Amino acid sequence: MIGAVDIGGTKIAVGVVDDNGKVLSRMEAPTDPNRYSDGIELIAHMLRKTAQRAETELTGIGIGSTGPVDPLRGEFGDVDFLPGWRGKSPVKDLAQIFSVSVALENDGDAAALAEAGWGAGRNRSRLIYVTVGTGIGGGIVFDGQLYRGVAGAHPEVGHHVVDPAGPKCSCGFHGCWESLAAGPAMVAWFAGNAPTGYPHRNGITARRICELAQEGDAIALRAVEHESYYLGLGLANLINLFTPDAIVLSGSVMKSAELFMDRIREVIRQGCRFVPAEKTQLTLASLGEDTNLIGAARVWHYRFAK
Ligand SMILES: [Zn+2]
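The notes below deal with the structure included here. (Residues numbered from 1 in each chain as written. Predicted model: local features only at pLDDT ≥ 70, side-chain atom pairs only at ≥ 80, totals over all residues. Heavy atoms only, no water.)

Once that is clear, we can look at the coordination of the zinc ion. Protein coordination of the zinc ion is provided by His-159 (ND1), Cys-169 (SG), Cys-171 (SG) and Cys-176 (SG), with donor distances spanning 2.0 to 2.3 Å. Between the four donor atoms coordinating the zinc ion, the angles at the centre fall across 97 to 122°, so the site counts as tetrahedral. Mapped onto the sequence, the donors of the zinc ion take the spacing H-x9-C-x1-C-x4-C. Of the two residues, His-159 is situated in the loop between β10 (145-146) and α4 (177-181) and Cys-176 in the loop between β10 and α4; the sequence distance between them amounts to 17 residues. What makes Cys-176 buried here is its relative accessible area of 0%. (Donors = N, O, S within 2.8 Å, 3.2 Å for Na, K, Ca; no water. Tetrahedral: all angles 85-135°; square planar, octahedral: opposite > 155°, others 65-115°. Helix = DSSP H or I, 4+ residues; strand = E, 2+ residues; numbered from the N terminus. Buried < 20%, exposed > 50% of the residue type's maximum accessible area, 1.4 Å probe, protein only.)

Here it is in structure tokens:
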């Protein structure tokens, strides 16, 4: 029974996950971005509580965290929105509190490992996991091994440029995939293109745009077309670069995947003529809402159970 800790910028989810990737108990709390010591105490408290509810003892702890993290040292890096957590080691601290082995990975890598081991990516040798929500992130797993860059770095699949004339991105470039195809990009397009006085303009969200598109709303359908095109471009780039067996799609925007998939496949067909793009399966993540939490548990298995 593994204690799983999923640390995001706004909330921390903690749970107990069994050897088959099943969540036995879970709870969550808001993240305090400044005080690390309170944060680690809260995590320890939630781990004890969830273990108690699952009537079990923890044999290890896995952590998936919003990045950047140093997985090999088990420390947080320069996490913009968790300033008080920089350089701290939850691996060392939780190992000391619980006397079990602890492992840490970036949350995109954690989710990729979960889908590769327990989810839609099972039995695929070359797998790319992509999550599309308020940003675009992911992880790459080849032959069961998590792909790590130099010094253990996590590759940023959301930050390749698809249009240098596009909007400015937090990474420093203009027109990254994330800046053109994440949920906020769809909202920005909608806000910029819906005529004044259009009834659904105020407080529009990516989710609402998808609902409106399903109801046949003309502007929402154009927003979806725009979104699908840019999703397709980024996925086509990943296919041209890596020719993976499968790309597993996840995240809040992908809950409406049926709106985008036909156009995405068309874009890929147009631009991936030198690789067998039709052999790359585009598939939806199968672990649901708890993918990141299950991923955190999988991080422990990946590090210690091999
Ligand atoms: Zn960027």
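Next comes the rest of the account.
If you walk across this open sheet you meet the five strands as β10-β9-β8-β11-β12, and the pairing is mixed. At either margin of the open sheet sits one strand with a lone partner, and together these are β10 and β12 (281-284). Two strands pair when backbone bridges link them, and strand β9 (residues 136-142) and β10 are joined in this way by two bridges, in the antiparallel orientation. Paired with Val-141 across the two strands is Leu-146, which belongs to β10. Against the sheet, helix α7 (residues 218-242) engages β8 (126-132), β9 and β11 (246-250), with an angle of about 155° to β8. (Pairing = 2+ DSSP bridges. Contact = heavy atoms within 4.5 Å. Axes fitted to C-alpha atoms, helices over the stretch in contact; angles between N-to-C directions.)

Here we have five strands laid out as an open sheet, ordered β3-β2-β1-β4-β7, and mixed in their pairing. On the outer flanks of this sheet lie β3 (23-30) and β7 (101-106), each paired with one strand and no other. The sheet shows a mean angle of 15° between the axes of neighbouring strands, taken without regard to direction. Of the strand pairs in this sheet, strand β1 (residues 2-7) and strand β2 (residues 11-17) are connected by six bridges, and their pairing is antiparallel. Residue pairing in the sheet places Gly-3 in a bridge with Val-16 of β2.

None of the figures reported here should be taken as evidence of function without further support.
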